[in-house]
Amino acid sequence: MRYTQPISKLVADTLEELGLHDNQFVLLSRFAINFMRTANNDVKGEIKTERFEVPASRVIALPSDFIDYTKIGVQFKEGVKALARNPYMAMIGGADLPRAYPPPPATTINGQNASTPFGYFYGYSGWTNGTGRITAFGNGNELGKWTIINNATTKQLRLSSDYDLNSNVYIEYLSDCIDPNTETFIHPYMQLCCQYWMKWHYYLRKENLNMAREFERLYNDEYIQMKYRYGTLDIPTIVNLVEFYWGLPE
Amino acid sequence: MSNLSKYAEEARRIFYGGDPPVEGGFEQAEAEMLAGMALSQVATEEFWQAYKTDGIHTAPSQYLVNYAVNLATDSARNVKYALLPSGSGYLALPGDKGLARVSYNKDTLPIRYLRNGEWQNGQGGTALFGVGTYFYSIEADRINVYPRCLGESIPFTQVFITLAVANATTLQQAQGWAVVAKILQLYKSVKPELDFVTDNAPPIQQQPS
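Fair warning: this is a prediction, and the values are worked out from it, not measured in the lab. (Residues numbered from 1 in each chain as written. Chains lettered and ligands numbered in written order. Predicted model: local features only at pLDDT ≥ 70, side-chain atom pairs only at ≥ 80, totals over all residues.)

Let's talk about the overall build of chain B
Phase 1 of the analysis: Within chain B, the secondary structure is distributed over five helices and eight strands.
Phase 2 of the analysis: Listing each helix as α and each strand as β along chain B from the N terminus yields α-α-β-β-β-β-β-α-α-β-β-β-α. (Helix = DSSP H or I, 4+ residues; strand = E, 2+ residues; numbered from the N terminus.)

Quick look at the nonpolar core
Phase 1 of the analysis: Core analysis: the largest hydrophobic core is formed by 69 residues, its most contacted members being L28 and A32 of chain A together with A35, L39, L91, I143 and I183 of chain B.
Phase 2 of the analysis: Apart from residues no more than four positions distant in its own chain, I143 of chain B is found in contact with Y81, A82, L84, V102, Y136, I138 and I161 of chain B.
Phase 3 of the analysis: If you look at the next biggest cluster of nonpolar residues, it comprises 17 residues, including A82, A84, I134 and V169 of chain A. (Core = buried A, V, L, I, M, F, W, Y, C linked by C-beta atoms within 7 Å. Buried ≥ 20, exposed ≤ 12 C-beta atoms within 10 Å, placed from the backbone. Contact = placed C-beta atoms within 7 Å.)

Comments concerning the pairing of strand β9 (residues 168–175) of chain A
All names here are of chain A.
Phase 1 of the analysis: Bridge count between strand β2 (residues 46–53) and β9: eight bridges; the pairing is antiparallel. Bridging across to β9, R51 finds its partner in Y170.
Phase 2 of the analysis: The sheet contact formed by strand β4 (residues 66–75) and β9 spans eight bridges and is antiparallel. Paired with D68 across the two strands is L174, which belongs to β9. (Pairing = 2+ DSSP bridges.)

A short note on helix α1 (residues 3–16) of chain B
Residue and element names in this part refer to chain B.
Phase 1 of the analysis: With 14 residues, α1 extends 20 Å from end C-alpha to end C-alpha; this agrees with the ideal 20 Å at 1.5 Å per step.
Phase 2 of the analysis: In this structure, the buried residues of α1 make contact with α2 (28–54) and α5 (176–190).
Phase 3 of the analysis: Downstream of α1 by a residue or two, G17 has a phi angle that is positive, lying close to 70°. (Expected span 1.5 Å × (residues − 1).)

Observations concerning the interface of chain B and chain A
Phase 1 of the analysis: The partner chain A presents 15 residues to the 16 residues of chain B that form the contact.
Phase 2 of the analysis: Within the residue set of the side of chain B that touches chain A, elements represented by two or more residues are β4 (99–104), β5 (109–113) and α4 (128–131) of chain B.
Phase 3 of the analysis: When grouped by side-chain class, the residues that make up the side of chain B that touches chain A number six nonpolar, five polar and five charged. (Nonpolar A, V, L, I, M, F, W, Y, C, P; charged D, E, K, R; others polar.)

Looking at unusual backbone geometry
Residue and element names in this part refer to chain B.
Phase 1 of the analysis: Despite not being glycine, N78 has its phi angle at roughly 55°, a positive value.
Phase 2 of the analysis: Turning to its location among the elements, N78 is positioned in the loop between β2 (72–74) and β3 (79–83).
Phase 3 of the analysis: N78 sits in the exposed class, given 9 other C-beta atoms within 10 Å.

Overview of the packing of α1 of chain B against α2 of chain B
All names here are of chain B.
Phase 1 of the analysis: Two elements in contact, α1 and α2, have axes separated by 8 Å at closest approach and are oriented at 115°. Taken together, the axes of α1 and α2 lie roughly perpendicular to each other. Here α1 runs over α2; the crossing is right-handed. Here L4, S5, Y7, A8, E9, A11 and R12 of α1 come into contact with α2, specifically with Q28, A31, E32, A35, G36 and L39.
Phase 2 of the analysis: Split by residue class, the contact of α1 with α2 holds seven nonpolar, three polar and three charged. (Axes fitted to C-alpha atoms, helices over the stretch in contact; angles between N-to-C directions. Parallel < 35°, antiparallel > 145°, perpendicular 65-115°, else oblique. Left-handed = near helix turned anticlockwise from the far one by under 90°.)

Comments concerning α5 of chain B
Residues and elements named next belong to chain B.
Phase 1 of the analysis: Here α5 contains 15 residues, and its C-alpha end-to-end distance of 22 Å stays within 8% of the 21 Å for a straight helix at 1.5 Å per residue.
Phase 2 of the analysis: Every buried residue of α5 is accounted for by V179, V180, K182 and I183. All buried residues of α5 lie within an arc of 165° about the axis, which places them on one face of the element. Away from its buried face, by an angle of more than 90 degrees, α5 presents the exposed residues W177, K188 and S189.
Phase 3 of the analysis: Contacts made by the buried residues of α5 are with α1 and α2. (Arc of directions from axis to C-beta.)

Let's talk about the sheet that holds strand β8 (residues 158–164) of chain B
All names here are of chain B.
Phase 1 of the analysis: Reading across the sheet, the eight strands line up as β1-β8-β4-β5-β6-β7-β3-β2 and stay open at both edges, with mixed pairing between neighbours. Only two strands of the sheet have a single partner each, and these edge strands are β1 (64–70) and β2. With strand direction ignored, the average angle separating the axes of adjacent strands in the sheet is 35°.

Examining the confidence of the model for chain B
Residue and element names in this part refer to chain B.
Phase 1 of the analysis: Averaged over every residue, the pLDDT of chain B is 87; residues scoring 70 or more account for 92%.
Phase 2 of the analysis: Across chain B, the element-wise mean pLDDT spans from 77 in α4 up to 95 in β8.
Phase 3 of the analysis: Reported for the predicted complex are a pTM of 0.65 and an ipTM of 0.78. (pLDDT = per-residue confidence, 0-100.)

Right, here's the structure in full:
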């Protein structure tokens, strides 16, 4: 018997335990994947780096998992390297709560009016849209402006004409973390928790509210304990679990 | 003569109280047709019974039959589909649960069920992408097979479908009496009961002399 198994096996087990038809597989898998996304986002954000070449339109399509930038670096043709850093980008906290919940910016930053309150939500903070500039190392001269458009339909980095075509642009960004699928392995520690999540959501949506309440009455204490046990672990264990799931940080 | 014919004949014998008359109104062909419907009803009732008592959501496995079906292409929609053999006693259970399983590669790799329209709604950014490689949904007498993304193609040309089918092949002796009773119930519900007993006839009015 394997205790470490992919989500699909856990879903198959749950189907059998509840006596469900195979055609509920997609529904339960969605619950499981949402659980993994939630659990993942509760614990760790993921920083990724991508390299792009400046196209003729000077518009770069950002990756679909882009949430916010941490750094934008440019390597101009002449070899000049320059960087823009996002000072209001919060790493996800856990123990580092002051960084997860930074105070809102009081003044105008990078030319953008900060008087409008930003949407602060758990985990991420800072600019998801906006305009900035690349400044050269050393003298701090402005080398060019850029704009990020990040909404439901468009994810673009637009560069001004100061940038050379075909030069390299590096974007270090906060990704919306792992994209779990049914072949994602789930740690034994989280399996029961994930199963409870699936069952509760199944009862709530497919059976009736009373069954969900009954399930909750029976298992919720245990479920909550399991969920929050994750947060009460000592730091080395958390690091081990996180590395087990999502690998070493870059 | 299949089991179903025997049960149909038995229902007629019970109805007529012996050998059915040659000119009788309840014919063998009619009884056999009712027997097919009766078996479907019995199977559906068994499904609901298991659902209520044991929380089982699947059709009783005695009714399951596996078919290998070739895929056809609907060029207008660029969808591959298999015909659902609905004429042979397919149990159209609620929630498409009469179709127990669809798979490919010698019935080893599963194709995942989606509600009709879920594939179109689920494109891009939902959890659908991670759930499976190929999906199917039922549309009238068709099983439409979809890839994960619009641009992907379906490399196989044959799927294996496991259907709940109520016909002479899947009928067991245990269902026999229920089928006969259901035939009689169906027949009597639409046919007026004949009364051959002359004593029960209303008296003929006497002509005035």
